[in-house]
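Now for the letters of each chain:
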Amino acid sequence: MTDTAAQAGDTGPSASGGLLHGAQPDVAGAAGHRDHPQRVGFFTDTSICIGCKACEVACKEWNAVPEDGLELTGMSYDNSQGLSASTWRHVAFIEQRKPLGSQEPGVAHGPAPGAGGTEGMGDFDVFAAAGRLGATAPEPGAPAGDGPGAPTGEISPIAPDGRTELRWLMASDVCKHCTHAACLDVCPTGSLFRTEFGTVVVQEDICNGCGYCVPACPYGVIDQRKDDGRAWKCTLCYDRLGAGMEPACAKACPTDSIQFGPLDELRERASARVAQLHAAGVPDARLYGEDPEDGVGGDGAFFLLLDEPEAYGMPPDPVVTTRDLPSMWRHAAVAAAAMAAGMAACFAGRRR
């Protein structure tokens, strides 16, 4: 470990410059690093993710992350299900019955006009629709419900302009490397530390398996391995950063959906990409986790989403779970003082 990394082993409020929430422009400096490089992170553009899972494989190979079961969820082609101690990158497959352009926000998506049925996917036969995808598209201007294999009143898998009425939202999730990291604040051993790059890393060799960090994470990222109880999560390839290399997942991504670099530059790039998508007729495009004024002070790994965060299994308004620790301690101190005063009064009454 470097000297700066050793300094970052301090936890609690002192590790974040006395701040538990709010904007923090220099997280590495607040952690005790001097003459440190720019803060770096990830910008994941889910609009160009193809679900290849190259990032998952690269992460496992470089970091020697063990196999995690490879069990299909039964709801999609997702075979890793979610982030865990043995899955530091997770590519989600979210199937929705709506075209890419001109979409409206929302987790549940109702039937297309004239389709009938109830809201959502419950009454829609995806496999039957997939079997008709090879049919010739209807002539331009023809009603969508009159396409081949789609009787009047039922949705056609092929729209008049050739688009399908099903879409996949694919997104590669990862630890957010929060500006205010509750996992770091509650770690009693200094196993979690802030690096000179502004990222949050677990030193598994001094983790005692207490598990305090697991419920502290507002995103449910960090986890313990069942065989030894120690906590594990993405390190943003700290060893590669020290050698001037980009993280393995970003290096392996064939579409540049995962972009790595200085955080300020990534935020500018992301804003431009959202404007580009809005101009292209995708009004639902939005950024998630990029705002330094949000509940975690901004994420070191943020995302461009094509729907509401809930559709991707992300909390809509995450807040660092240690934000209220000072007031909680004050309330506990007042309660303890009241209890001590009551006991003293009882003993004083007996003496009389």
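Residues numbered from 1 in each chain as written. Predicted model: local features only at pLDDT ≥ 70, side-chain atom pairs only at ≥ 80, totals over all residues. Heavy atoms only, no water.

## What to know about helix 9 (residues 263-279)
Heads up, the rule is: What counts as a helix is a DSSP run of H or I of at least four residues, what counts as a strand is a run of E of at least two, and both are numbered from the N terminus. Expected span of a helix, by definition, is 1.5 Å for each gap between consecutive residues, and there is one gap fewer than residues. Burial status follows relative accessibility: with a 1.4 Å probe on protein chains alone, a residue under 20% of its type maximum counts as buried, one over 50% as exposed, and anything between as partly exposed. Directions drawn from the helix axis to the C-beta atoms are what define this arc. Contacts are assigned to residue pairs with any non-hydrogen atoms lying within 4.5 Å of each other.
Under the 1.5 Å per step criterion, the end-to-end length of helix 9 is 25 Å for 17 residues, consistent within 8% with the ideal 24 Å. For helix 9, the set of buried residues is L263, L266, R267, A270, R273, V274 and L277. Angularly, the buried residues of helix 9 cover 125 degrees about the axis, an arc narrow enough to put them on a single face. Across helix 9 from its buried face, at more than 90 degrees, point the exposed residues D264, E268 and A279. Where helix 9 is buried, its residues contact strand 1 (40-45), strand 8 (258-262), strand 9 (286-288) and strand 10 (301-305). Two residues or fewer past helix 9, G281 is found with a positive phi of approximately 90 degrees.

## A look at a nonpolar patch on the surface
Convention followed: Patch membership is restricted to residues that have no salt bridge and whose relative accessible area is over 30%. Joining uses 9 Å for like charges and 5 Å for the nonpolar side chains Val, Leu, Ile, Met, Phe, Trp and Tyr. All accessible areas in this document rest on Shrake-Rupley with a 1.4 Å probe, and a residue is counted as covered only by the protein chains that are shown. Basic side-chain nitrogens of Lys or Arg form a salt bridge, by our definition, when they fall within 4 Å of a carboxyl oxygen of Asp or Glu.
On the surface, M339, M343 and F347 cluster together into a nonpolar patch covering about 350 Å² of accessible area. Residue position: M343 is located in helix 10 (residues 325-351). On the accessibility criterion, M343 (47% relative accessible area) is partly exposed.

## Section: the confidence of the model for the protein chain
One rule of thumb: low pLDDT means the predicted coordinates there are not for detailed reading. Heads up, the rule is: The predictor's confidence in any single residue is recorded as pLDDT, a number from 0 to 100.
Here the protein chain averages 80 in pLDDT, and 71% of its residues register 70 or above. A low-confidence stretch, residues 1-18 (pLDDT under 50), is modelled with 39 contacts involving residues beyond four sequence positions or located in other chains. Note that residues 107-122 has pLDDT below 50 and, in this model, 37 contacts with residues that lie over four places away or in other chains.

## Description of the packing of aromatic side chains
Short version of the rule: By convention, a stacked pair of Phe, Tyr or Trp rings (six-membered ring in the case of Trp) has centres within 6.5 Å and planes under 30 degrees apart, an edge-to-face pair has planes over 60 apart, and any other such pair is tilted. Counting as a charge over the ring demands two things of the Lys NZ or Arg CZ atom: a distance within 6 Å of the ring centre and an angle within 35 degrees of the ring normal.
By the definition in use, this model includes 5 aromatic pairs. Ring geometry for F197 versus Y238: centroids 6.2 Å apart, planes at 75 degrees, classification edge-to-face. Note that F197 is positioned in the loop between strand 4 (192-194) and strand 5 (200-202) and Y238 in helix 7 (residues 238-242), a separation of 41 residues in sequence. Of the residues examined, F197 reaches a relative accessible area of 12% and is grouped as buried. Within the aromatic cluster, the residues linked to one another by ring pairs are F193, F197 and Y238. Over the ring of F42 we find R89; its NZ or CZ atom is 4.7 Å from the centre of that ring. For R240, the ring lying beneath its charged end belongs to W62, and the centroid distance is 4.5 Å.

## Description of the pairing of strand 3 (residues 167-173)
The cut-off we apply is this: Only strands joined by at least two bridges in the DSSP assignment are considered to pair.
In terms of residue burial, strand 3 counts as a mostly covered element, since 6 of its 7 residues are buried. Bridging between strand 2 (residues 90-96) and strand 3 involves 7 bridges; their strand directions are antiparallel. Along strand 3, the bridge assignment pairs H90 with D173.

## With respect to the state of the cysteines
Here is the idea: a disulfide is a covalent bond, and it sits between the sulfur atoms of two cysteines. As a reminder, the rule being used: We call a pair of cysteine sulfur atoms a disulfide when they lie within 2.5 Å.
Within this structure, the stated rule accounts for 0 disulfides. For C175, which is in no disulfide, the shortest distance to another cysteine sulfur is to C234 and amounts to 5.6 Å. Exposure remark for C175: the relative accessible area of 8% places this residue in the buried category. Lacking any disulfide linkage, C213 is separated from the closest cysteine sulfur, that of C210, by 6.2 Å. Its relative accessible area of 7% is what places C213 among the buried residues.

## Brief notes about the side chain of T46
By the element assignment, T46 lies in the loop between strand 1 and helix 3 (54-63). Its relative accessible area of 5% is what places T46 among the buried residues. In this structure, T46 is in contact with M170, A171, S257, L304, L305, L306 and Y312, ignoring residues within four places of it in sequence.

## Concerning helix 3
Taken as a whole, helix 3 has its buried residues at C55, E56, A58 and C59. Angularly, the buried residues of helix 3 cover 170 degrees about the axis, an arc narrow enough to put them on a single face. Close packing links the buried residues of helix 3 with strand 2, strand 3, helix 8 (248-252) and strand 8.

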